[in-house]
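One-letter residues, chain by chain:
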Amino acid sequence: MSSLGLAYDSPVKADSPDRYTVEKGDTLWDISTTFLDSPWLWPEIWLANPQVKNPHLIYPGDVISLVYIDGQPRLMIANRGNSGRTIKLSPKIRVKPGESAIPAIPLGAVQSYLEGGHVFASEGQLNNAPYVFAAKDGKLASGAGDKIYARGNFAGQTLRFDVVRRGEQIVDPQTNEVLGLIGMDVGTISLSRVKAGIASIIVQDSKMEIKPGDRLVKQDASGLVTTFFPRAPSTPVEGIVTANLGNRKKISKFDTVVINKGNRESLRQGDILAIYRKTQLGFDPLANEQVVLPSERIGLVMVYRPFEKMSYGIVLSAKEDIEVGYILRSPQP
């Protein structure tokens, strides 16, 4: 515990319960905040049973208990509820599907960005992706069930693709580096065949009309991972709230923000960052000078989808509205 800076200060809330029964609709973040002053320390005191498949998963009906081992606080499952229990059906064993486990965060707030929301690392990567150039019968816009045609490199490719359209370019406000190009989710397609360099395609579904110039990208299963756990970054991180995907001036709880750090800075799904106001100045009339005011933490954001040079994060707490340009740092207990 001393490695966490907790040798003298317990991470457990003074009014923490000794036991808590998980309810349907709970999230791991909810439960973490029930027990801990610093919820991102959950992985450090969670006592998982290594003999249980997916020991980190928690289900409605499970009873979580706060215990002390060698004087240190630990959280453990004292009793498994029916929804999380292995059900024996002789001669086979059936395990309750993972979908019934509680999520780390309210998934409804980020579902569209988990399922879609492709990000191209550069203009070149976007331009190298196969593209739609025509539709059957000369249609200018296509939808579900229509046949369209595309060109590009389909060698060794999958049969199903997402269709995306060039969206906002994200630029690092500190370095002016292009962090990525957001691909707006247009629809999904199924590749029928490729002949003479032209792919014949059936549109499976569409969120908007598919048009010439739209790009085809492999469906990314990594974005659908939902069993991440809140934790502090493995290495110190400092970044900036770079964009608000909701396009609102003010950002609040459960909104998605773009962070100007990603995989190359070792950010991972589940990493928690503290949010601070932008640097502010106050005027001291007695000294007749401007003074930099101390920064104050006003919220927390969790990375739920990192890309190479940027990440999507969900605001988990906010004492006030957040703005683009606010500072992000590794949290302190």
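Before going into details, it helps to say that this report is about the structure given with it. (Residues numbered from 1 in each chain as written. Predicted model: local features only at pLDDT ≥ 70, side-chain atom pairs only at ≥ 80, totals over all residues. Heavy atoms only, no water.)

### What about the nonpolar core?
Of all hydrophobic cores here, the largest spans 44 residues; its most connected members are Trp-42, Ile-64, Ile-105, Tyr-304 and Tyr-312. For this core, the secondary structure elements donating two or more residues are helix H1 (28–35), helix H2 (42–45), strand E2 (63–69), strand E3 (72–79), strand E10 (178–195), strand E15 (272–276), strand E18 (297–306) and strand E19 (311–318). The dominant element in this core, judged by the number of residues it contributes, is H1, at four residues. Not counting the four nearest positions on each side in its chain, Tyr-304 is found in contact with Ile-105, Val-110, Tyr-113, Leu-114, Phe-228, Thr-256, Gln-269, Tyr-312, Gly-313 and Ile-314. (Core = buried A, V, L, I, M, F, W, Y, C linked by side-chain atoms within 4.5 Å. Buried < 20%, exposed > 50% of the residue type's maximum accessible area, 1.4 Å probe, protein only. Helix = DSSP H or I, 4+ residues; strand = E, 2+ residues; numbered from the N terminus. Contact = heavy atoms within 4.5 Å.)

### Describing a positive patch on the surface
A grouping of Lys-136, Lys-147, Arg-193 and Lys-195 is seen on the molecular surface, where their side chains present a positively charged patch. One can find Lys-136 in the loop between strand E7 (131–135) and strand E8 (147–151). (Patch = residues over 30% accessible without salt bridge, like charges linked within 9 Å, V, L, I, M, F, W, Y side chains within 5 Å. Areas by Shrake-Rupley, 256 points an atom, 1.4 Å probe, with all protein chains shown as cover. Salt bridge = Lys/Arg side-chain N within 4 Å of Asp/Glu carboxyl O. Lys, Arg positive; Asp, Glu negative; His and termini not counted. Charge placed at Lys NZ, Arg CZ, Asp CG, Glu CD.)

### Here we look at the sheet that holds E3
Reading across the sheet, the three strands line up as E1-E2-E3 and stay open at both edges, with antiparallel pairing between neighbours. Two strands bound the open sheet, and with one partner strand each, they are strand E1 (19–21) and E3. Between one strand axis and the next, the sheet turns through 25° on average, direction left out of account. Of the strand pairs in this sheet, E2 and E3 are connected by seven bridges, and their pairing is antiparallel. Following the sheet pairing, Leu-66 is matched in E3 by Leu-75. Running at roughly 160° to E1, H1 makes contact with E1, E2 and E3 of the sheet. (Pairing = 2+ DSSP bridges. Axes fitted to C-alpha atoms, helices over the stretch in contact; angles between N-to-C directions.)

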